[in-house]
Amino acid sequence: MTGEVLAIRGGRPLTGRVEVKGAKNLVTKAMVAALLGETASTLRDVPDISDVQVVRSLLEVHGVRVEDGEEEGTIHLDPSGAVAAHFEEIDAHAGASRIPILFCGPLLHLLGEALIPDLGGCRIGDRPINFHMDALRAFGAVVDKSYEGIRITAPNGLHGANIELPYPSVGATEQVLLTAVRAKGVTELRNAAIEPEIMDLIAVLQKMGAIISYEPNRVIFIEGVDSLRGYDHRAIFDRNEAASWACAALATDGDIFVGGARQQEMLTFLNVFRKAGGWFDVREDGIQFRRGGALKPVVVETDVHPGFMTDWQQPLIVALTQAEGESTVHETVYENRLGFTEALNLMGADIVVHRDGIDAPGRRVPRRALEQAAVINGPTPLHGADVVVPDLRGGYSYVIAALAAEGESVVRNVGIIRRGYEKFFAKLDQLGADFDVIG
């Protein structure tokens, strides 16, 4: 529990403009990539969020000098003084983050050893680290478990490998990229994740001197090089935050312009937004979102890119409680991501979660063993309630539901939301939300 509590008085539309900065899912990984450079790196459009602060602290524990630039959102990272860190130091700074696991490859190249404590993160489902460990072993790493966590060494150095992921995991793909760029020989990665943030990380690594090519059918080739230099890079925008504000406009019958949002990376979201009754206008400096009339029911199946992102479905479900008819959301990425709907039902929603999923005809995404499905019947008026934030996207969704509801809601543990949303309270204020921070 973060101790932060919001009292929200709902029933008014959110209107105005908000700006989104660099994507959390790129910025934190690009910061880790700076460890691989022999010279300092500069990263731009870095959001002021707690996940960035966690990675910054972890880098500093390892001797990396991290300084703010003159331009807001710019940081300089100098790895020349990098050193090993103790389990206790890493654990103390990691908090709930799972980012330490991505330090493995760079630290093995730099120091010959990496230490990984028990991993945290949002409790939205099983994120087995065996994908990461199996990949590191394929490179020649030795993985030893202890009561403190995991110690990884590379007594004979790291070499290229042929790796096929059982699932196109974003984290495991990042692990392979960050390890393969300095491994001797060629690495072939099959069934790789190809999210825009992955492509932006590849761009960062190429600027550093890496040789990486993307082939059809999720295949990535990496030719190892002897050394890498620092980079200067402006991060891709945060499409998760952009989609979240779009759903807020839909749920509250508001009108929100999201500065910095781009169409290309949001094509799949924009299609579903339009089908659900949303209206949007793509402009040079961002995208405007609002309702285009009555909200309509939709069927959505989450999937890895280029599918509908799992991070998008939670705020969308809030809006779908106001659609006229029955919507279905098939969650195929994380098996526990629909638990947040219980609080929405307390607020008046009619949502039934099928713990074993629904094998509906005409689906685009193959049914998976651990999937769930939510059936949302609407429209149902929402009313105020006392709720506790469970995770990052679920927490954002609770706030939006409270803003769409009649009466006052109390939303607890809202500090989690700062993991991925910069200046969250200030942006709510800009959009005309009526709330108080009461704890």
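An unreviewed UniProt entry lists the chain under the name UDP-N-acetylglucosamine 1-carboxyvinyltransferase, from Microbacterium ureisolvens. As stated in UniProt under Function (unreviewed entry), the record for the chain gives "Cell wall formation. Adds enolpyruvyl to UDP-N-acetylglucosamine."

## A few points about the UniProt feature "binding site: UDP-N-acetyl-alpha-D-glucosamine" (unreviewed entry) in the chain
Sites flagged by UniProt as "binding site: UDP-N-acetyl-alpha-D-glucosamine" (unreviewed entry) map to Arg98, Asp311 and Val333. By the element assignment, Arg98 lies in the loop between helix H3 (87–94) and helix H4 (104–111). In this fold, Val333 is placed in the loop between strand E18 (325–331) and helix H11 (341–346). Val333 sits in the partly exposed class, given a relative accessible area of 22%. When neighbours within four sequence positions are excluded, Val333 is seen to be in contact with Tyr167, Thr302, Asp303, Val304 and Thr310.

## Quick word on the packing of helix H10 (residues 310–320) against helix H12 (residues 392–404)
Axis separation between H10 and H12 bottoms out at 9 Å; the angle between their running directions is 15°. Comparing the axis directions of H10 and H12 gives the class roughly parallel. The interaxial crossing formed by H10 with H12 has right-handed handedness. In this structure, H10 contributes Asp311, Gln314, Pro315 and Val318 to the contact, and H12 contributes Arg393, Gly394, Tyr396, Ser397, Ile400 and Ala401. For the contact of H10 with H12, a count of residues per class yields 5 nonpolar, 3 polar and 2 charged.

## Focus: the sheet that holds strand E3 (residues 41–44)
Reading across from one edge, E4-E5-E3-E13 is the order of the 4 strands in this open sheet, with mixed pairing throughout. Strands at the two margins of the open sheet, each flanked by one partner only, are strand E4 (65–68) and strand E13 (232–234). Taking the axes of each pair of neighbouring strands and ignoring which way they run, one obtains an average angle of 15° across the sheet. Two elements, E3 and E13, share 3 bridges in a ladder whose sense is parallel. Within E13, the residue paired with Thr42 across the bridge is Asp232. Packing of helix H2 (residues 50–61) onto the sheet brings it into contact with E4 and strand E5 (75–78), and relative to E4 it is tilted by some 140°.

## Comments concerning the packing of helix H8 (residues 239–252) against H10
Two elements in contact, H8 and H10, have axes whose closest approach is 8 Å; the angle formed by their N-to-C orientations is 5°. Relative to H10, the element H8 is oriented roughly parallel. Here Arg239, Asn240, Ala243, Ser244, Cys247, Leu250 and Ala251 of H8 come into contact with H10, specifically with Asp311, Trp312, Pro315, Leu316, Val318 and Ala319. A class-by-class count of the residues in the contact of H8 with H10 yields 9 nonpolar, 2 polar and 2 charged.

## Focus: the sheet that holds strand E12 (residues 219–223)
The strands making up a sheet are joined through hydrogen bonds of the backbone, oriented either antiparallel or parallel. Ordered in space as E9-E10-E12-E11, the 4 strands form an open sheet in which the pairing is mixed. What marks the edges here is a single partner per strand, and that holds for strand E9 (162–164) and strand E11 (211–215). In this sheet, neighbouring strand axes are inclined to one another by 15° on average, regardless of whether the strands run parallel or antiparallel. Its contacts with the sheet put helix H6 (residues 170–180) on E9, strand E10 (186–190), E11 and E12, and the angle it makes with E12 is roughly 20°.

Calculation notes
Residues numbered from 1 in each chain as written. Predicted model: local features only at pLDDT ≥ 70, side-chain atom pairs only at ≥ 80, totals over all residues. Heavy atoms only, no water. UniProt positions renumbered as here; feature names shortened; annotations may be inferred. Helix = DSSP H or I, 4+ residues; strand = E, 2+ residues; numbered from the N terminus. Buried < 20%, exposed > 50% of the residue type's maximum accessible area, 1.4 Å probe, protein only. Contact = heavy atoms within 4.5 Å. Axes fitted to C-alpha atoms, helices over the stretch in contact; angles between N-to-C directions. Parallel < 35°, antiparallel > 145°, perpendicular 65-115°, else oblique. Left-handed = near helix turned anticlockwise from the far one by under 90°. Nonpolar A, V, L, I, M, F, W, Y, C, P; charged D, E, K, R; others polar. Pairing = 2+ DSSP bridges.

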